[in-house]
Amino acid sequence: MEERKIPYKIYLTEDEMPRYWYNVRADMKHKPAPLLNPETYQPMTEEELGQVFCHELVRQELDMETPYFEIPEEIRNFYKMYRPSPLVRAYCLEEKLKTPAKIYYKFEGNNTSGSHKLNSAIAQAYYAKQQGLRGVTTETGAGQWGTALSMACAYLGLDCQVYMVKCSYEQKPFRREVMRTYGAHVTPSPSNTTSVGRKILAQFPGTSGSLGCAISEAVEAAASKEGYRYVLGSVLSQVLLHQTIIGLETQTALKKYDIHPDIIIGCAGGGSNLGGLIAPFAGEMLRGEANYQLIAVEPASCPSLTRGKYRYDYCDTGMICPLQKMYTLGNGFIPAASHSGGLRYHGMSSIVSQLYDDGLMEARSVEQTEVFAAAQEFAKCEGILPAPESSHAIRVAMDEAIRCRETGEEKTIVFGLTGTGYFDMVAYGKYNDGEMTDYIPTDAELQHGFDSIPKFPGNE
Ligand SMILES: *Cc1c(COP(=O)(O)O)cnc(C)c1O
């Protein structure tokens, strides 16, 4: 057996923690396409975006050249309450799989919100506060983002209004109560409190909702209230920027022990944790300094990278958000009610989409029963009860480690373990009772979604 020079957990000291977020777009030769105004098809201007988002966040969203953004001291201090997150060597999993591969995971579940989302929530709330706003509105799918934002807003004394995808609102009452405990107002979406919500309800009576619908409602709510702006928990480049704290910490931790990863894996909903984890490594690839195998993992029920189209599309179902060029299933695609709420999104970050289109990254889709099998195996040997979303990355990390067992390769695998699954016990219950099913949309169903992608010159 190998000598255990590498500790189970690699931590960083406060002095080693990143002081800057990394903007990978600065190193990309092919920049992500700009956001477009849905009426004029011209790039969105700072003023236009400033009506929906906070000024500083708009600046971050539009900047494709500045490689590093300093993390304000107040945010760094907040980070210190729950960061650095540990980089864990999965010795027990390696042993169980009898693999020569070395497996590491970056665990983001060590905060009350239970996921990486707090990294961007505190940044977005901070800039809203700086701008003198009264509050923010947002959507939440599985509930992790809403919880994270509620915590950040409570800390800074901002009002927080959350539109929660209806199926999660019903499946996860405890998430809702955590948010309310932190002082947030939570509304199931689609709701009749907004005109776009009423329209969606009329068109799809009894719908269990989707992230796309909830985004439309939250945007409308922000626009109709004085002193409010909308904030989004994924997809946007600003969110990916804040999430680079994950990849930067990982990079520093690996360097401390001279570890060179071969494969880096993340689950992909809107692409923020994946993008944040891989960004510094993709940067090295883009600058020609190193090479890595980067893998995005998505649910087979919502396969935006593996089966989607690279087009301009709306980020929301109500078609009121700017157009973003991304891998998309179409804004009209409503994914099956799977148990990975955080991955039920029709589109993908424009940065992740461009890296994928340029061949810097690969993507795989996995079905939920095999994901839960991996989750259970992981929980039994590594102790942590993982979120279903995170378990998509576990599945592929295990598959790669098993492949190494067969080939004898001693690859180093790093994956992002984005959160804990304590609020997903209904899903685990279904799995334990043998009642979980897999759903893979047919080509005809996907075509229905593709038909909702807007058609204009250059977007065919
Ligand atoms: C939201 C969420 C995801 C997916 O979101 P990304 O923006 O793709 O990172 C993954 N895991 C957990 C635990 C989440 O809460």
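Everything numeric in this text was worked out from a predicted model, so none of it was measured.

Topologically, Gln251 is positioned in helix α11 (residues 237-256). We classify Gln251 as buried; its relative accessible area is 14%. Leaving out residues up to four positions away in the same chain, Gln251 has contacts with Pro280, Phe281 and Glu284.

Okay, the site of the ligand next. Around the ligand, 19 residues are found, and the nearest of them are Lys117, Ser234, Gly269, Asn273 and Thr418. Between the ligand and Gln144, the relevant distance is 3.3 Å, taken from an oxygen atom to a side-chain nitrogen or oxygen of the residue. Between an oxygen atom of the ligand and a side-chain N or O atom of Ser272, the distance comes to 2.7 Å. When the ligand is considered free in solution it has 380 Å² of accessible area, and contact with the protein chains removes 98% of it. When contributions to the shell around the ligand are tallied by element, the ones reaching two or more residues are α12 (272-286) and α16 (388-407). Of the residues that constitute the shell around the ligand, the class distribution is four nonpolar, 13 polar and two charged.

Glancing now at α16. Over its 20 residues, α16 extends 29 Å from the first C-alpha to the last, a length consistent with the 28 Å expected when each residue adds 1.5 Å. Of all 20 residues that make up α16, 14 are buried, and the element is covered over most of its length. A positive phi of about 80° marks Gly408, the residue just after α16.

Looking now at the sheet that holds strand β9 (residues 228-230). Here we have four strands laid out as an open sheet, ordered β8-β7-β6-β9, and parallel in their pairing. Two strands bound the open sheet, and with one partner strand each, they are β8 (185-189) and β9. On average, adjacent strands in this sheet sit at an angle of 20° to one another, irrespective of strand direction. As judged from the six bridges shared by strand β6 (residues 135-140) and strand β7 (residues 159-165), these two strands associate in the parallel manner. If you follow Glu139 over to β7, its bridge partner there is Tyr163. Each of β6 and β7 touches helix α6 (residues 144-156); the most contacted strand, β6, lies at about 160° to it.

With their axes 11 Å apart at the nearest point, helix α15 (residues 368-382) and helix α17 (residues 425-432) run at an angle of 100° to one another. Considering the angle they form, α15 stands roughly perpendicular to α17. Residue-level contacts link Thr369, Phe372, Ala373, Ala375 and Gln376 of α15 to Ala427, Tyr428, Tyr431 and Asn432 of α17. Its residues assigned to classes, the contact of α15 with α17 shows six nonpolar, three polar and no charged.

Reading guide: rules and limits
- Residues numbered from 1 in each chain as written.
- Predicted model: local features only at pLDDT ≥ 70, side-chain atom pairs only at ≥ 80, totals over all residues.
- Heavy atoms only, no water.
- Helix = DSSP H or I, 4+ residues; strand = E, 2+ residues; numbered from the N terminus.
- Buried < 20%, exposed > 50% of the residue type's maximum accessible area, 1.4 Å probe, protein only.
- Contact = heavy atoms within 4.5 Å.
- Near = heavy atom within 4 Å.
- Polar contact = N/O pair within 3.5 Å; in protein donor to acceptor, adjacent residues only side chain to side chain.
- Areas by Shrake-Rupley, 256 points an atom, 1.4 Å probe, with all protein chains shown as cover.
- Nonpolar A, V, L, I, M, F, W, Y, C, P; charged D, E, K, R; others polar.
- Expected span 1.5 Å × (residues − 1).
- Pairing = 2+ DSSP bridges.
- Axes fitted to C-alpha atoms, helices over the stretch in contact; angles between N-to-C directions.
- Parallel < 35°, antiparallel > 145°, perpendicular 65-115°, else oblique.

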